[in-house]
Amino acid sequence: PPDDDYGLFAHLIGPDGEVWRQASDPLGLGVRGTRRWPTDELVVEQRRLGVPPDAVPGEYRLVVGLESPSTQRRLEAASPDGANLGNQVVLGTVSVQKVPFPPNLALLPIRHRHSHTFDDALRLIGHNLGPDQVRPGDRVSLALFWQANKSPGRDYQARLRLVDAAGVSVAESVGTPAGGIHPTSRWFAGEVVRDHRRLIVPPTAAVGPYAVQVEVLNG
């Protein structure tokens, strides 16, 4: 019998390698914890994991695992032949299709909302920034929320820069929104796309405040 009331975590991992939706709940749904499960009992549970309305089209992996609340760690998984699978198991893939209509912007998980238009075609409607205190060598995590004012008809790129107080760029990254999986030339008017980005803080970066700048490049 289990010696802890284990929890189940489930992640929906997109074609860009990012976790687009996640959930974590106790096994037994909080009604009958695993400590009360006898040996060989079979328990069937139904879980739901919604697909975000701004998810880019493509193949998504459904990953699950177990975690121990008492030790604050994830359990190791093993295959039938005893091979170690790490602390999570891929159950399968889900094909996410393109949404034919714009989502409700009020329902999107945007922490910082604004409106900046580029080339009359793209509008940056908000962003989410990871931890605002990092160390040299760390990654700056950023999610940009784009909306097409009209069908762009071309492939734009976005450049991110990490700029110090003197205006000097110490790191930058250039790429197509959504990692090139769903280029802007395929967007329809009103479509919203979430664009996950990373910037590496140089190991030689000095202590102090830095700004994250976004530029749109006309292909």
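Everything numeric here is computed off the predicted structure, so don't read it as measured data. (Residues numbered from 1 in each chain as written. Predicted model: local features only at pLDDT ≥ 70, side-chain atom pairs only at ≥ 80, totals over all residues. Heavy atoms only, no water.)

1. Observations concerning the overall build of the protein
So, point 1. When helices and strands are counted, the protein shows 0 helices and 14 strands.
So, point 2. Taking the principal axes of its C-alpha atoms as reference, the protein extends roughly 65 × 45 × 35 Å.
So, point 3. Within the protein, the proportion of its 219 residues that are buried is 35%.
So, point 4. Look at the contacts in the protein between residues 6 or more apart in sequence, and 65% of them connect residues 24 or more apart. (Helix = DSSP H or I, 4+ residues; strand = E, 2+ residues; numbered from the N terminus. Buried < 20%, exposed > 50% of the residue type's maximum accessible area, 1.4 Å probe, protein only. Contact = heavy atoms within 4.5 Å.)

2. Details of the pairing of strand 9 (residues 122-129)
Successive side chains on a regular strand alternate, one facing one side of the sheet and the next facing the other.
So, point 1. Inspection of the sheet shows strand 8 (residues 112-118) paired to strand 9 by 5 bridges, in the antiparallel sense. By the bridge assignment for strand 9, T117 is matched with R123.
So, point 2. Connecting strand 8 to the next strand, strand 9, in antiparallel fashion are 3 residues, including D119 with a positive phi near 55°.
So, point 3. Where strand 9 lies against strand 10 (residues 139-148), 7 bridges are found, and the strand directions are antiparallel. In the sheet register, N128 faces strand 10, and the bridge partner there is A143. (Pairing = 2+ DSSP bridges.)

3. What about the side chain of N128?
So, point 1. Relative to the helices and strands, N128 is located in strand 9.
So, point 2. Since its relative accessible area comes to 10%, N128 is described here as buried.
So, point 3. When near neighbours in sequence (up to four residues on either side) are disregarded, N128 contacts P109, I110, R111, H112, S141, L142, A143 and F145.

4. Details of the sheet that holds strand 9
So, point 1. In space, the 4 strands of this open sheet follow the order 8-9-10-13, with antiparallel pairing throughout. Among the strands making up the open sheet, the edge pair consists of strand 8 and strand 13 (192-200). Adjacent strand axes in the sheet meet at a mean angle of 30°, parallel and antiparallel pairs treated alike. (Axes fitted to C-alpha atoms, helices over the stretch in contact; angles between N-to-C directions.)

5. Quick look at the packing of aromatic side chains
So, point 1. Tallied over the entire structure, the rule returns 2 aromatic pairs.
So, point 2. With centroids separated by 6.3 Å and ring planes inclined at 75°, the aromatic side chains of W20 and Y60 adopt a geometry described as edge-to-face. On the criterion of sequence distance, the pair formed by W20 in strand 2 (residues 19-26) and Y60 in strand 3 (residues 58-68) is long-range, its members being 40 residues apart. No difference in accessibility class separates W20 from Y60, as the two residues are buried. (Phe/Tyr/Trp six-rings, centres within 6.5 Å; stacked < 30°, edge-to-face > 60°.)

6. Some remarks on the sheet that holds strand 14 (residues 211-217)
So, point 1. Reading across the sheet, the 3 strands line up as 12-11-14 and stay open at both edges, with antiparallel pairing between neighbours. The open sheet has two edge strands with one neighbour each: strand 12 (169-175) and strand 14. This sheet shows a mean twist of 20° between the axes of neighbouring strands, independent of strand direction.
So, point 2. Inspection of the sheet shows strand 11 (residues 157-163) paired to strand 14 by 7 bridges, in the antiparallel sense. By the bridge assignment, R161 is partnered in strand 14 with Q213.

7. Considering the pairing of strand 12
So, point 1. Pairing analysis gives 6 bridges linking strand 11 to strand 12, with the strands arranged antiparallel. Residue pairing for strand 12: A158 is matched across the bridge by G175.
So, point 2. Where strand 11 folds back onto strand 12 in an antiparallel hairpin, the turn is made up of 5 residues, including G167, whose phi is positive at roughly 85°.

8. Focus on the pattern of salt bridges
So, point 1. Taken as a whole and assessed by the stated rule, the structure comprises 12 salt bridges.
So, point 2. Here R32 ties to E41 by a salt bridge, and the two come within 3.0 Å at their closest N and O atoms.
So, point 3. Residue class for E41 comes out partly exposed when judged on its relative accessible area of 31%.
So, point 4. One network of salt bridges, in which partners are shared, links R159, R161, E172 and E215. (Salt bridge = Lys/Arg side-chain N within 4 Å of Asp/Glu carboxyl O.)

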